[in-house]
Structures are given as structure tokens and as C-alpha cells.
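Listed below are the residues making up each chain.
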Amino acid sequence: MGMPITVEITDGFAVEKDFEKIFSYFEYIDEKFSTYKNTSEITRINKRLVDKKEWSAEMKEVFDLSEKTKRETGGYFDIWNGNNYDPSGLVKGWAIYNAAKILESSGFSNFYINAGGDIQARGKNAEGKDWVIGIKNPFNSQEIIKTLRLKNKGVATSGTYIRGQHIYNPNHKGESLTDVVSLTVVGPNIYEADRFATAAFAMGKEGISFIEKTGGLEGYAVDKNGIAAMTSGFEKYVNA
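Reading the values: rules and limits
- Residues numbered from 1 in each chain as written.
- Predicted model: local features only at pLDDT ≥ 70, side-chain atom pairs only at ≥ 80, totals over all residues.
- Heavy atoms only, no water.
- 1 Å grid on protein atoms, 1.4 Å probe; cavity = no way out; pocket = protein on both sides within 12 Å on 5 of 7 lines; lining within 4 Å.
- Points joined across faces, edges and corners; volume = space filled by probe spheres on them.
- Core = buried A, V, L, I, M, F, W, Y, C linked by side-chain atoms within 4.5 Å.
- Buried < 20%, exposed > 50% of the residue type's maximum accessible area, 1.4 Å probe, protein only.
- Contact = heavy atoms within 4.5 Å.
- Helix = DSSP H or I, 4+ residues; strand = E, 2+ residues; numbered from the N terminus.
- Lys, Arg positive; Asp, Glu negative; His and termini not counted.
- Salt bridge = Lys/Arg side-chain N within 4 Å of Asp/Glu carboxyl O.
- Polar contact = N/O pair within 3.5 Å; in protein donor to acceptor, adjacent residues only side chain to side chain.
- Expected span 1.5 Å × (residues − 1).

(A) Broad picture of the layout of surface pockets. Its boundaries defined by the atoms lining it, the second largest pocket holds a volume of some 220 Å³. If you go around the second largest pocket, you meet 13 residues; those closest to its centre are Phe63, Asp64, Glu67, Ile79 and Tyr85.

Set out below in C-alpha cells:
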């Protein structure tokens, strides 16, 4: 998927094929949704080579979920950029969430999946404790500014400090975001955390207020001046 993926299973009965199943699933999703591959389904859709009635079930699901997210965020989440569709802001979290369900269906209840910094934490780590997740300093990627303790939660961070400016306000086409440089969202699962992190980041300085008002989510934002703001319930996840 063009990003590092880590899978850790702390249930004692995991074997190599369990890991292979997850990585094979991510490869399958990459082949279908990568906007960088000429052979992917999304690229063929953007080239008008595939009729909508021929779209795969996964593609139809992602488009439906993207439209739902667009409505829920007042248009701040939009996979249409004026020329092509790019569902990347939803697909990663959705794919991690589905990978977690694959592990759960195999009987696992203690694991961690990290794809490009977006994480699903389930159960306990190898020490029998909640998983420890670090939030990087957006101005120094070698420094952790907050550590979180999570169990059965998803956490996603949107920002410009790793991939550069790749998120725009869809309600003001082409307008780059400068107020907020990093926004981390903790949600009931990685799908919810990821899609709302993307939309809230696009809102700029209003994003943290949106997260505050959205049930089941907590957030931590860092602005261009290095000043942090968090939602009222975020502190409960902070590792003391």
C-alpha cells in the first residue's frame, strides 16, 4: 500500500499463515484501490474504462461509505477532486478495520495492526497491558510528544509532516491547510478514527471542535505554532 505495515499478534497460537493472510489482504486492496497503479480498479474507473454496474462489491462499498462520510462532515470529506476519484482518505482505515475482523474471525483477540501510522489495537500487548501508542512531534519525527494507552480502539493521525501537503479543503478547491499541522483521533475502531481525522484536518482550526462534538471520538491537534489542543476526554487515553 506504499507504506510500512506491522502486524503483531500476542495470542500464543498465531502461526505464519495467519500473518500471510493479512498481508495478502492488504496487497489485494492495494491492487484494487491504488491511484498509482495503471491496472487498479480505481485507476480504470478514473480512466472511464469501467462502467459503474461492473464495479466490484468492495468499490461500491467504499463509494457508499465515502458519500456517507461526506454528508456527516458537511462536505469536508470528498473523494472527488474535480478530475478523478481518490478514496485513499477512507480506504486505509477501512482496510485495517477489515484486516482486524479477519484476525477476529480466526479466533484472535489480542493484536495490533499499524499501516502507515494508523492503528487498530485489540486486547492486550505481550506484557498483558493495554497497547502503547506514540504521537510524533510534527516538527521532529524522531520525537514522541504523547504516548497513549489503548485497548479495543483505533487511532489515526492526519497531517502534512510526513507526506507533505496532500490534504485540501474540498469546500475551497486548491486551498492548502496551514493552521493545523497534525491531528490525531482516537475512535471506537480505526475506520471511524481515520475517516474523521481526514475530514477534521481539512477543517483546519475548527477540526478539533468537530471531533469534540462527534460522539465516540477524542482528538489531539498541533498547530503551526506548536500549540496543542485536545478534546475534553482525550486525557483518559494519555499514558501517565
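Moving on, there is more to tell.
(B) Structural detail: the nonpolar core. Ranked by internal contacts, the top residues of the largest apolar core, which has 48 residues, are Phe26, Trp94, Leu103, Ile113 and Leu183. When sequence neighbours within four positions are dropped, the list of residues in contact with Trp94 reads Tyr25, Ile29, Phe33, Glu58, Glu61, Val62, Leu65 and Tyr191. Counting 16 residues, the second-largest nonpolar core is a separate cluster that includes Trp131, Tyr220, Phe234 and Val238.

(C) Structural view of the side chain of Asp223. When you line up the elements, Asp223 lands in strand E8 (residues 218-223). Despite its burial, Asp223 remains without a salt bridge, the nearest opposite charge being carried by Lys224 at 8.0 Å. Only 2.9 Å separates the side chain of Asp223 from the backbone nitrogen of Ile227, close enough to count as a polar contact. Leaving out residues up to four positions away in the same chain, Asp223 has contacts with Phe139, Asp179, Val180 and Val181.

(D) Broad picture of helix H5 (residues 190-202). Its 13 residues place the ends of H5 18 Å apart at the C-alpha level, agreeing with the 18 Å of an ideal helix rising 1.5 Å per residue. The element H5 is extensively covered by neighbouring structure, given that twelve of its 13 residues are classed as buried. When H5 is considered as a whole, its buried residues turn out to be Ile190, Tyr191, Ala193, Asp194, Arg195, Phe196, Ala197, Thr198, Ala199, Ala200, Phe201 and Ala202. Those residues of H5 that are buried are in contact with helix H3 (57-72), helix H4 (88-105), strand E3 (118-122), strand E6 (153-159), strand E7 (180-187) and helix H6 (207-213). For H5, the side-chain oxygen to backbone nitrogen distance between the N-cap and Tyr191 is 3.1 Å, and the N-cap itself is Asn189. Once H5 finishes, Gly204 follows within two positions and takes phi at roughly 70°, a positive value.

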